[in-house]
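Fold and contact review
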Amino acid sequence: MPSSPPSARTRVKRIHDRASYDRDSLHAVLDAGMLCHVGYIFDGYPVVTPTLYWREGEAVYWHGSSASRAIRASEDIDVCLTVTHLDGLVLARSAFHHSANYRSAMIFGTARLLVDADEKMASLKAMMEGLSPGRWDELRPTTAQELKATRILSMSLDEASVKIRTGGPIDDEEDMGSDVWAGVAPFRLSMDPLQPDEIDRAGTPRPPRVSDRLFSPPR
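None of these values were measured; they are calculated from a predicted model.

What follows deals with the packing of aromatic side chains. Given two aromatic rings, their pairing is described by the distance between the two centres and the angle made by the two planes. Here the structure, examined in full by the defined rule, presents 2 aromatic pairs. Ring geometry for Trp 54 and Tyr 61: centres 6.0 Å apart, planes at 15°, overall stacked. Take Tyr 61: its relative accessible area is 9%, and that puts it in the buried class.

The following block contains the structure:
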């Protein structure tokens, strides 16, 4: 998708050549993860809350208990949602030039509370299918009380930026002849084998696979 002009809040000011404002790059960063941090002002002081998120089209969603302070405080106000993936440590020939390879997204906007029951149910299904494709149909139906106890917030992707660093160290010319090793220590988040709970019945089918779109850095 074409790039959107950056706003005053999303324009990357430092090392701007690593910035991107197109939707394809934004979607790729968001779709590669499931943990975000939402920043907002609560009673006059800043709060940043980690939570699971998911993307549907041109909006990002997150949820929590109806009693959650973070959910209540974020409704109908400006928030900042960030997602970061650490892809590697960049080991340079000087301490000054050490860095990290990463993919990050920053989204600004007004959080909207979903109130329609059908919209909430469809969004919860989208979240579940993103985490473990096919699992929603294996579960018992969500009850009206459970739906009432859950709040879901959404925010448009209209005001967002992406920043990405790849590659090796960028050393000073005078350090290039040093005997110090330089390069990248790659990071990759992986998932261990499934661990059934203590009362899992023998012969119970394993759940659908967890989505392999998660955790995978770009090739």
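Bringing helix α1 (residues 23–31) into the picture now. Those residues of α1 that sit buried are Arg 23, Leu 26, His 27, Val 29 and Leu 30. Along the axis of α1, the buried positions cluster into a sector of 165°, meaning they face one direction only. Residues of α1 that are buried make contact with β3 (45–56), β5 (78–91), β6 (99–110) and β9 (159–165).

Formed by 26 residues in total, the largest nonpolar core has its most connected members in Leu 26, Leu 30, Tyr 40, Val 60, Trp 62, Leu 81 and Ile 107. Among the elements that take part in this core, strand β2 (residues 35–42) stands out by supplying 4 residues, more than any other. Among residues more than four places away in sequence, those in contact with Leu 26 are Ala 105, Ile 107, Leu 157, Ala 160 and Val 162.

End to end, helix α3 (residues 117–131) covers 21 Å across 15 residues, agreeing with the expected 21 Å (1.5 Å per residue, within 8%). Within the sequence span of α3, burial applies to Lys 120, Ser 123, Leu 124, Met 127 and Gly 130. For α3, the angular spread of buried residues about the axis comes to 125°, placing them on one side. For α3, the secondary structure elements touched by its buried residues are β3, β4 (59–65), α4 (144–148) and β8 (150–156). Between a side-chain oxygen at the N-terminus of α3 and the backbone nitrogen of Asp 118 the separation is 3.1 Å; the capping residue is Asp 116.

Take His 97: it is sitting in the loop between β5 and β6. Among the residues examined, His 97 registers a relative accessible area of 18% and is labelled buried. A polar atom in the side chain of His 97 sits 2.9 Å from the side chain of Asp 172. Among all residues touching His 97, those that are not within four sequence positions of it are Ala 92, Ile 170, Asp 171 and Asp 172.

The next point concerns the pattern of salt bridges. Evaluated as defined, the whole model comprises 7 salt bridges. In this structure, Glu 58 and Arg 23 form a salt bridge, with 2.1 Å as the shortest nitrogen-oxygen distance. Of the two residues, Glu 58 is situated in the loop between β3 and β4 and Arg 23 in helix α1; the sequence distance between them amounts to 35 residues. Among the residues examined, Glu 58 registers a relative accessible area of 30% and is labelled partly exposed. Taking the relative accessible area as the measure of exposure, Arg 23 reaches 9% and is therefore buried. Between Arg 93 and Asp 171 there is a salt bridge, and its shortest N-O distance comes to 2.7 Å. Placement of the pair is Arg 93 in the loop between β5 and β6 and Asp 171 in the loop between β9 and β10 (183–186), with a sequence separation of 78 residues.

Notably, Asp 43 is not glycine yet its phi reads approximately 55°, a positive angle. The exposed category is assigned to Asp 43, whose relative accessible area is 67%.

When pLDDT is averaged across the protein, the result is 87; 92% of the residues are at 70 or more. Confidence, expressed as mean pLDDT per element, reaches its minimum in the protein at helix α2 (residues 69–74) with 74 and its maximum at β10 with 96.

So, about the pairing of β5. Successive side chains on a regular strand alternate, one facing one side of the sheet and the next facing the other. Strand direction decides the pairing type here: β2 and β5, joined by 3 bridges, are antiparallel. Looking at the pairing, Val 38 lines up with Leu 81 of β5. Relative to β6, β5 runs antiparallel, the two sharing 12 bridges. When the bridges of β6 are listed, Asp 78 appears paired with Thr 110.

Parameters and conventions
All residue numbers refer to position in the chain's written sequence, counted from 1. For a predicted model such as this one, the threshold for reporting local features is a pLDDT of at least 70, and the threshold for listing and counting side-chain atom pairs is 80 or more; totals across whole chains, interfaces and linings nevertheless cover every residue. The basis for every side-chain value is the complete set of non-hydrogen atoms in the structure, without hydrogens or water. Pairs were defined over the aromatic rings of Phe, Tyr and Trp, the Trp ring being its six-membered one, requiring ring centres within 6.5 Å. Orientation was assigned from the angle between planes: stacked under 30 degrees, edge-to-face over 60, tilted for the rest. Accessibility here uses a 1.4 Å probe with only protein chains present; expressed as a share of the type maximum, an area under 20% marks a residue as buried, one over 50% as exposed, and anything in between as partly exposed. Working definition: helices are DSSP H or I runs of at least four residues, strands are E runs of at least two. Numbering for both runs from the N terminus. Note that the arc is defined by the directions from the helix axis to the C-beta atoms. Residues count as neighbours in contact if any of their non-hydrogen atoms are within 4.5 Å of one another. Remark: nonpolar core denotes a set of buried residues (Ala, Val, Leu, Ile, Met, Phe, Trp, Tyr, Cys) joined through side-chain atoms within 4.5 Å. An expected span of 1.5 Å times one less than the residue number is assigned to each helix. Each polar contact in these results corresponds to two N or O atoms within 3.5 Å; when the atoms are within protein, one needs to be able to donate a hydrogen and the other to accept it, and residues that are neighboring in sequence are counted only if both atoms are side-chain atoms. Salt bridges are identified by distance alone: a Lys or Arg side-chain nitrogen within 4 Å of an Asp or Glu carboxyl oxygen. Per residue, pLDDT measures the predictor's confidence, with a range of 0 to 100. Only when DSSP finds a minimum of two bridges between them are two strands counted as paired.

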